[in-house]
Amino acid sequence: MDRPLPAGDRAAAMKAVIDIGSNSILLLIASRGPDGALAIARDEATVARLSQGVAASGRLATEAVARALEVLRRYRAIAAAEGIESLEAVATEGLRMAENPEDFLEPAAEILGAPVRMISGDEEAALSYRSIALEQPADQPLRVVDIGGASTELIVGRGLDIEQAVSHRMGSVRMSERFIDGHPPSASAIAAIAAAARDCLAAQPLAPAPELVGLAGTVTTIGALAAGLERYERDRVDGLRLDIDRIRALRDELATWSLERLQAVPLLGKGRADLIVTGATLLLALLEHCGADTLVIRDRGLRYALL
């Protein structure tokens, strides 16, 4: 469970971790006690869409790099205000698939005062899984999915032991740029996303299991929408359980909305409005692939494992 961190203990106990994803950049300032409980001072998420156009062009766009660097400047200031001098920053598939990652990595290191570590898909999967497994019974079977902007990690294990992990080259930004033909998208576009997801997942055959634990922005946003929230409330989303029929009904409804209507939803705004139908379609494909009829939503991610 999470707990507040007393102000007097903050600077000595806390660590700052930045997760530079394909769509969002996340900052966690927190500590983890001997019992595994988290004490969170700040948990921030900002959409920067660093991977804008990378799947098609192979290169980071100048404007995307500028957006992401501005986020890092703000995060560095937040950490300094909390009395934290050093940060750990990692980057994932959005940079892995770019031909010019140094265009971002070099100025990012100057801003943060430390290099950004570009992690592999295997490490990304392991960290995502560990962020959940640290809080689960040691012998409990566990399936975890982390839907990102450019990649999706699907991990099977028991306790802290990973039995199978694959980083699939599919994500909400990547698939939207490839298939979405407007808002509302056509039925054929949605079908194409689902088919492409099934093709990716075929490389990781799994026996059916009733539950899938989901992480990251697509999943938590779907949870908040399903819960009828106007603004994101961590305590009402973390641990929420949704059945697959509820997720499908929500996806089908959102797929009839215009971009303007989607952007008017505070939970979506301009950062997620054009991705939410794709993300929900990927989530449905993952649930079906796992034979799961229930999604367990956790507000976690690899930044928590780096604590």
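Right above here is the structure, for reference.
Reading guide: rules and limits
Residues numbered from 1 in each chain as written. Predicted model: local features only at pLDDT ≥ 70, side-chain atom pairs only at ≥ 80, totals over all residues. Heavy atoms only, no water. Patch = residues over 30% accessible without salt bridge, like charges linked within 9 Å, V, L, I, M, F, W, Y side chains within 5 Å. Areas by Shrake-Rupley, 256 points an atom, 1.4 Å probe, with all protein chains shown as cover. Salt bridge = Lys/Arg side-chain N within 4 Å of Asp/Glu carboxyl O. Lys, Arg positive; Asp, Glu negative; His and termini not counted. Charge placed at Lys NZ, Arg CZ, Asp CG, Glu CD. Helix = DSSP H or I, 4+ residues; strand = E, 2+ residues; numbered from the N terminus. Buried < 20%, exposed > 50% of the residue type's maximum accessible area, 1.4 Å probe, protein only. Axes fitted to C-alpha atoms, helices over the stretch in contact; angles between N-to-C directions. Parallel < 35°, antiparallel > 145°, perpendicular 65-115°, else oblique. Left-handed = near helix turned anticlockwise from the far one by under 90°. Contact = heavy atoms within 4.5 Å. Pairing = 2+ DSSP bridges. Phe/Tyr/Trp six-rings, centres within 6.5 Å; stacked < 30°, edge-to-face > 60°. Lys NZ or Arg CZ within 6 Å of the ring centre and 35° of its normal. Disulfide = S-S within 2.5 Å.

Trainee: So what about a negative patch on the surface? Which residues, and what values?
Mentor: Together, Glu 102, Asp 103, Glu 106 and Glu 110 make up a negatively charged patch on the protein surface. Take Asp 103: it is sitting in helix α5 (residues 102–112). A relative accessible area of 37% means that Asp 103 is categorised as partly exposed.

Trainee: Residues and numbers for the packing of helix α3 (residues 62–81) against α5, please.
Mentor: One way to put it is that α3 packs onto α5 with a least axis distance of 10 Å and a crossing angle of 15°. In terms of orientation, α3 and α5 fall into the roughly parallel class. Classified by chirality, the crossing of α5 by α3 is right-handed. The residues of α5 that touch α3, namely those facing Val 65, Ala 68, Leu 69, Leu 72, Arg 73 and Arg 76, are Asp 103, Phe 104, Pro 107, Ala 108, Ile 111 and Leu 112.

Trainee: Give a description of the sheet that holds strand β11 (residues 241–243) that names residues and reports values.
Mentor: The strand order across the open sheet formed by 6 strands is β9-β8-β7-β10-β12-β11, and the pairing between neighbours is mixed. The open sheet has two free edges, formed respectively by β9 (161–168) and β11, since each of these has just one partner strand. Here the strands of the sheet are splayed against their neighbours by 25° on average, with no regard to which way each runs. By the bridge criterion, 3 bridges tie β11 to strand β12 (residues 294–297) in an arrangement that is antiparallel. Bridging from a neighbouring strand, Arg 241 pairs with Val 296 of β12. Against the sheet, helix α14 (residues 276–290) makes contact with β7 (141–147), β8 (152–158), β10 (211–215) and β12, and its axis sits at roughly 155° relative to β7, the strand it touches most.

Trainee: Account for the pairing of β7, with residues named and values stated.
Mentor: Counting buried residues along β7, 6 of its 7 residues qualify, which places the element largely inside the surrounding structure. Note: β7 against β8, 7 bridges, orientation antiparallel. Looking at β8, one finds that Val 145 is bridged to Leu 154. Between β7 and the antiparallel strand that follows it, β8, lie 4 residues. Direction of pairing for β7 relative to β10: parallel, over a ladder of 3 bridges. Bridge pairing in β10 links Val 145 to Gly 214.

Trainee: Account for the packing of aromatic side chains, with residues named and values stated.
Mentor: The relative placement of two aromatic rings is captured by the distance of their centres and the angle of their planes. Tallied over the full model, the rule gives 0 aromatic pairs. The ring centre of Trp 257 lies 3.9 Å from the NZ or CZ of Arg 261, which sits over that ring. Taking the ring centre of Tyr 304 as reference, the NZ or CZ of Arg 300 above it sits at 4.8 Å.

Trainee: Just give me the short version of the state of the cysteines, but keep the residues and values in it.
Mentor: Enumeration over the complete set of coordinates arrives at 0 disulfides. No disulfide involves Cys 200; its nearest neighbouring cysteine sulfur is the one of Cys 290, lying 14 Å away. Relative accessible area serves as the criterion here: at 23%, Cys 200 is assigned to the partly exposed category. The class of Cys 290 is buried, set by a relative accessible area of 0%.

Trainee: Before we move on, could you go through the pairing of strand β2 (residues 15–20) and cite the residues and values that matter?
Mentor: The buried count for β2 comes to 5 of 6 residues, which makes it a mostly enclosed element. Examined bridge by bridge, β2 and strand β3 (residues 24–32) share 6 bridges and lie antiparallel to one another. Across the sheet, Asp 19 pairs through a bridge with Leu 26, a residue of β3. The hairpin turn running from β2 into β3, its antiparallel successor, is 3 residues long. With 5 bridges connecting them, β2 and strand β5 (residues 87–91) associate as parallel partners. Along β5, the bridge assignment pairs Asp 19 with Val 90.

Trainee: How would you sum up the pattern of salt bridges? Please name residues and give values.
Mentor: Taken as a whole and assessed by the stated rule, the structure comprises 23 salt bridges. As a salt-bridge pair, Glu 93 and Arg 169 come within 3.7 Å of each other at their nearest N and O atoms. Here Arg 169 lies in the loop between β9 and α7 (172–179) and Glu 93 lies in helix α4 (residues 93–96), a separation of 76 residues in the sequence. We classify Glu 93 as buried; its relative accessible area is 7%. For Arg 169, a relative accessible area of 54% gives the class exposed.

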